[in-house]
Amino acid sequence: MIILAVLGYGAHSLLRSGALDVAASSSKLTDVNLGNQLTAIFKDYPQVTVGVSVINLSSGKQNNFGSTQPITAASTTKLVTALDFLHQVEGGTYKLSGPLDNETAGWQLQQLINQSNDDSWQDFITLMGGQQIQDYAHQIGLNSFTFNGNTIAPSDDAKMLAALYQGKLLNASDTQLLLSYMQHTNDEQLIPAALPSSATVWHKYGELLEPTGNFVHDTAIIKNNGHTFVLSIYTDRPDMLDIQQREQLIHRITQAVVNYES
């Protein structure tokens with residue numbers, strides 16, 4: 001099982017914050033065999049910058065491969081916004097049944113994660129404020145996250161999913177609600193497409209084309225053969241989107257990690 005952890009915001013969540021402890025020792029836990037396999041895969045795509053982070057939920061071991069630098073996150077950080085909102089719902093500041101841009105906040109939340117809706121994202125940003133979202137991210141241990149640049153390191157992204165799955169960020173019902181939105185999304189072509197049919201996956205992808213880079217990412221919690229782990233894959237190619245090649249790269253990384261962890 002693999003997974004990375006994130007801490008909660010405020011006194012209540014900080015009591016549940018042990019998930020981040022795994023990150024500090026990640027460099028000592030890198031498995032040589034898996035690392036060699038991934039390095040060989042990376043070399044087949046020299047034009048792509050790749051960052052991969054894996055967390056085993058049973059052992060708490062985290063392995064980081066390739067680039068460890070913060071990268072433009074695209075839509076993967078919609079999860080940060082969703083977590084912040086649900087944390088504030090639990091604190092009584094907002095309600096899922098409350099209005100948000102002619103819909104309920106609960107409807108907008110499902111659209112934000114399951115459909116990766118940018119309009120819903122902007123509604124939550126307007127409601128809570130970018131500084132609030134960044135402060136929340138830092139207080140739960142996502143120190144690489146910046147709101148204005150929308151950047152995060154793959155290792156922090158993995159921590160976030162680990163902590164979510166382990167119930168360290170939200171109460172049980174809100175954890176299950178958010179995880180339910182991370183299944184059967186509007187784009188299942190990255191990590192989910194490379195998994196065995198018997199596997200269960202919760203994920204959030206991100207794709208963005210801009211002058212400074214072409215970003216295709218996927219970050220997922222995976223259960224397979226009785227093992228559960230988190231896999232975060234971030235890719236950046238400066239010249240063209242080339243989505244088919246990027247899908248192939250992500251599929252090969254996913255298969256290597258699944259074979260190792262399962």
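Residues numbered from 1 in each chain as written. Predicted model: local features only at pLDDT ≥ 70, side-chain atom pairs only at ≥ 80, totals over all residues. Heavy atoms only, no water.

**Q** So what's going on with the overall build of the protein? Which residues, and what values?
**A** On a plain count of helices and strands, the protein comes out with nine helices and nine strands. When the 262 residues of the protein are sorted by exposure, 58% land in the buried category. When contacts within the protein are restricted to residue pairs at least 6 apart in sequence, long-range pairs at least 24 apart make up 68% of them. Within the structure as shown, the protein displays about 10600 Å² of accessible surface, and the carbon and sulfur contribution to it stands at 48%. (Helix = DSSP H or I, 4+ residues; strand = E, 2+ residues; numbered from the N terminus. Buried < 20%, exposed > 50% of the residue type's maximum accessible area, 1.4 Å probe, protein only. Contact = heavy atoms within 4.5 Å. Areas by Shrake-Rupley, 256 points an atom, 1.4 Å probe, with all protein chains shown as cover.)

**Q** I'd like to hear about the sheet that holds strand β1 (residues 49–56), residue by residue, with values.
**A** Pairing between sheet strands relies on hydrogen bonds along the backbone, with the strands arranged either parallel or antiparallel. In space, the five strands of this open sheet follow the order β2-β1-β9-β8-β7, with antiparallel pairing throughout. Edge positions in the open sheet fall to β2 (62–66) and β7 (200–210), since each of these has one partner strand only. Here the strands of the sheet are splayed against their neighbours by 5° on average, with no regard to which way each runs. With eight bridges joining them, β1 and strand β9 (residues 227–237) adopt antiparallel strand pairing. Across the sheet, residue Ser53 finds its bridge partner in β9, namely Ser232. Against the sheet, helix α7 (residues 154–165) touches β1, β2, β7, β8 (213–224) and β9, its axis set at about 150° to β9. (Pairing = 2+ DSSP bridges. Axes fitted to C-alpha atoms, helices over the stretch in contact; angles between N-to-C directions.)

**Q** Give me the pattern of salt bridges: which residues, what numbers.
**A** Overall, the coordinates contain five salt bridges when judged by the stated rule. Note that Asp44 and Arg252 form a salt bridge whose closest N and O atoms lie 3.0 Å from each other. Here Asp44, found in the loop between α2 (32–43) and β1, pairs with Arg252, found in helix α9 (residues 243–261); they are 208 residues apart in sequence, far enough to count as distant. Asp44 sits in the partly exposed class, given a relative accessible area of 46%. (Salt bridge = Lys/Arg side-chain N within 4 Å of Asp/Glu carboxyl O.)

**Q** Tell me about α9, and please be specific about residues and values.
**A** Taking 1.5 Å per residue as the helical rise, α9 with its 19 residues ought to reach 27 Å, and the 26 Å between its terminal C-alpha atoms agrees with that figure. Residues of α9 that are buried: Arg246, Leu249, Ile250, His251, Ile253, Thr254, Ala256, Val257, Val258 and Glu261. Buried residues in α9 make contact with α2, β1, β8 and β9. (Expected span 1.5 Å × (residues − 1).)

**Q** Lay out the confidence of the model for the protein with the relevant residues and their values.
**A** Here the protein averages 89 in pLDDT, while 89% of its residues score no lower than 70. Here residues 1–29 scores under 50 on pLDDT; set against residues more than four positions off or in separate chains, the count is 109 contacts. (pLDDT = per-residue confidence, 0-100.)

**Q** If you had to explain helix α3 (residues 78–90) to someone new, which residues and values would you point to?
**A** The first and last C-alpha atoms of α3 sit 18 Å apart over 13 residues, in line with the 18 Å expected at 1.5 Å per residue. Judged by how many residues are buried, α3 sits mostly within the fold: twelve of 13 residues are covered. Phi turns positive, to about 90°, at Gly92, one or two residues after α3.

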